[in-house]
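# Coordinate inspection notes
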Amino acid sequence: MIIPARPLEGKVRSRQLGAEQRGGWSPVKRQMVDMLAELIKIPSDPFSDKQEVLDYVQSFTDQIHMRNTLFGDPSAPALLAEFGQGGVVLSGHLDTPPVGDYWSFSQSQLASGRMYGRGAADMKGTVIAMLEAAQDLVARKIPVVLAFTTDEETSMQGAMALAKTLPLRRAKAVVVGEPTGLRVAHAEKGVLDLAIETRGKAAHGAMPHLGENASGKMMRILRGLESFKGRIAHPELGTVTLNIGTFNGGTRLNVVPNKCTAEVDIRFPPPYTPDQLYHEIEEHLRRIKTPFTLRRILTMPAVQIDPNAEHVRLLRDVAQAETTVLVHASEAVHYTQVNSRVVIFGAGEEELSHQANEYVKVEAVARATEVYKKYAQRLATARSAG
Ligand SMILES: [Zn+2]
């Protein structure tokens, strides 16, 4: 793994940006690109101290006179920055997966109108759009709340803490900035991560008939699992998918394995619930007549927001965008528990998340900024919440 470069010290303007690319840009766009370059350079993978990335964002919300409050675990704090009441909540996460290998661009490199770097699409580009929008909204005295977490990629404790706050519960709309490619997303798949274990009996590899092969049993279970289709299909999110992520059986070549474990990542569409799917899968596997134990590692419900709800239609109108759905789970899971007026809209493209050469288009960040501004303004003047 490549450890990300140290961030720029203080407010050093990004020298790596080519002058010719910046030439035609307005001061506002230059500020946006410089801030994005700086934010990408601040390490925010699961192993890094989140204080630095949070400080960067908070120094900005301080400067524009928003009221800042920290929530959640001090090792992964979440920031709520408020201006006024009864408006929109723009929510995002500041953490990223590790940078990883096989990059052909450096972190924060600008090329052909794209800013490359870990988190550019998911979702530092969108965070910058939200900050830029907030700056303008505060200046025009339009209410806006920013909700930023630092543990979305790991535990989502920050979102759980923020979901308990009044601004999240009462907002006329909560926009989750996950990458949607500037489309309006109203559904997400849920997660059911399972650990399976089979037991056998050890014996010498030359006399396998004296033992019971736990790996062989696991292979039967997994073959059975691969034939599982599920009863529910969603018109846009499709059916259940599963990935056999790990498989560990045996200790030596010439010993019959007495234990085997596997982990499976299952993603499912609404209206499945994790429990309902778990029981369907268990029932399906019991038919294979091979003993096993099954354990939930992680579950996250699927998200379904009414695509015709007032707040979704308003965002579609403002963004002049089509609707879409997301196959990965986001903090929308927690916000929909406390507020039905959640919607997902971000500048990045979902397919680029967590990939090498992740990027965001500078134009898409600028466009997202405009959409957030207009949406906040329309919501603030709307008589009632949709
Ligand atoms: Zn994300």
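Basis of the calculations
- Residues numbered from 1 in each chain as written.
- Predicted model: local features only at pLDDT ≥ 70, side-chain atom pairs only at ≥ 80, totals over all residues.
- Pairing = 2+ DSSP bridges.
- Helix = DSSP H or I, 4+ residues; strand = E, 2+ residues; numbered from the N terminus.
- Axes fitted to C-alpha atoms, helices over the stretch in contact; angles between N-to-C directions.
- Contact = placed C-beta atoms within 7 Å.
- Expected span 1.5 Å × (residues − 1).
- Buried ≥ 20, exposed ≤ 12 C-beta atoms within 10 Å, placed from the backbone.
- Domains from an automatic or database assignment.
- Nonpolar A, V, L, I, M, F, W, Y, C, P; charged D, E, K, R; others polar.
- Parallel < 35°, antiparallel > 145°, perpendicular 65-115°, else oblique.
- Left-handed = near helix turned anticlockwise from the far one by under 90°.

With that settled, the discussion passes to the sheet that holds strand β4 (residues 110-111). Backbone hydrogen bonds hold the strands of a sheet together, and the pairing may be parallel or antiparallel. What the 3 strands build is an open sheet, ordered β4-β5-β16; its pairing is antiparallel. Each edge of the open sheet carries a strand with a single partner, namely β4 and β16 (359-361). Where β4 meets strand β5 (residues 114-116), 2 bridges bridge the pair, whose relative direction is antiparallel. When the sheet's bridge partners are listed, A111 is paired in β5 with R114.

Attention shifts here to the sheet that holds strand β9 (residues 190-199). As summarised here, the arrangement of the 4 strands in space is β10-β11-β9-β12, forming an open sheet in which the pairing is antiparallel. Single-partner strands in this sheet number two, and they are β10 (241-249) and β12 (293-300). Each strand axis lies, on average, 15° off the axis of its neighbour in the sheet, ignoring direction. Note that β9 and strand β11 (residues 259-268) share 10 bridges and pair antiparallel. Residue pairing for β11: L192 is matched across the bridge by I266. Against the sheet, helix α7 (residues 214-226) touches β9, β10 and β11, its axis set at about 15° to β11. Where helix α8 (residues 274-286) meets the sheet, it contacts β9, β11 and β12, and its direction lies at approximately 30° from that of β9.

This next bit is on helix α2 (residues 27-41). For α2, which comprises 15 residues, the first-to-last C-alpha distance of 21 Å matches the rise-based estimate of 21 Å (1.5 Å per residue) to within 8%. Within α2 the residues assigned to the buried category are M32, V33, M35, L36, A37, E38, L39, I40 and K41. Elements that come into contact with the buried residues of α2 comprise α3 (51-63), β4, β5, α4 (120-139) and α11 (362-381).

To continue, consider the environment of E263. Looking at where E263 falls in the secondary structure, it is placed in strand β11. Each C-alpha atom, one on E263 and one on I196, is 6.3 Å from the other, the two residues being 67 residues apart in sequence. Excluding anything up to four places from it in sequence, E263 contacts D193, A195, G245, T246 and I297.

This next bit is on the domain arrangement of the protein chain. Under the domain assignment, the protein chain is made up of domain 1 (19-188 + 302-381) and domain 2 (190-300). Taking the mean C-alpha position of each, domain 1 and domain 2 sit 36 Å from one another. On the domain 2 side, the residues contacting the 8 residues of domain 1 number 11 residues. By residue class, the composition of the side of domain 1 that touches domain 2 is 7 nonpolar, 1 polar and no charged.

Relative to each other, α2 and α4 sit at 135°, their axes nearing to 10 Å. Accordingly, the angle class assigned to the pair α2 and α4 is oblique. Regarding α2 and α4, the two cross each other, and that crossing is right-handed. Contact with α2, carried on its side by M32, M35, L36, L39 and I40, involves A120, K124, G125, V127, I128 and E132 of α4 and no other residues of that element. Across the contact of α2 with α4, the residue classes tally to 8 nonpolar, 1 polar and 2 charged.

Moving on: the environment of S112. Take S112: it is sitting in the loop between β4 and β5. Taking the C-alpha atoms as reference, S112 lies 54 Å from P257; in sequence the two are 145 residues apart.

Looking at where G224 falls in the secondary structure, it is placed in helix α7. Separated by 57 residues in sequence, G224 and I281 have C-alpha atoms that sit 9.9 Å apart. The contacts of G224, once residues within four sequence positions are left out, are H284, L285 and I288.

With 5 bridges joining them, strand β1 (residues 67-71) and strand β2 (residues 78-83) adopt antiparallel strand pairing. Across the sheet, the residue bridging to N68 is A81, located in β2. Connecting the antiparallel pair β1 and β2 is a turn made up of 6 residues, with G72 showing a positive phi of about 80°.

A separate point is unusual backbone geometry. The amide bond that connects D122 to the next residue, M123, takes the cis arrangement and shows omega of -10°. Take M123: it is sitting in helix α4. Residue P271 is bonded to the preceding P270 through a cis peptide linkage, with omega at 10°. In this structure, H65 takes a positive phi of about 65° despite not being glycine. Turning to its location among the elements, H65 is positioned in the loop between α3 and β1. Accessibility expressed as a C-beta count within 10 Å gives 10 for H65, which makes it exposed. Look at M156: it is not a glycine, yet its phi comes out positive at around 60°.

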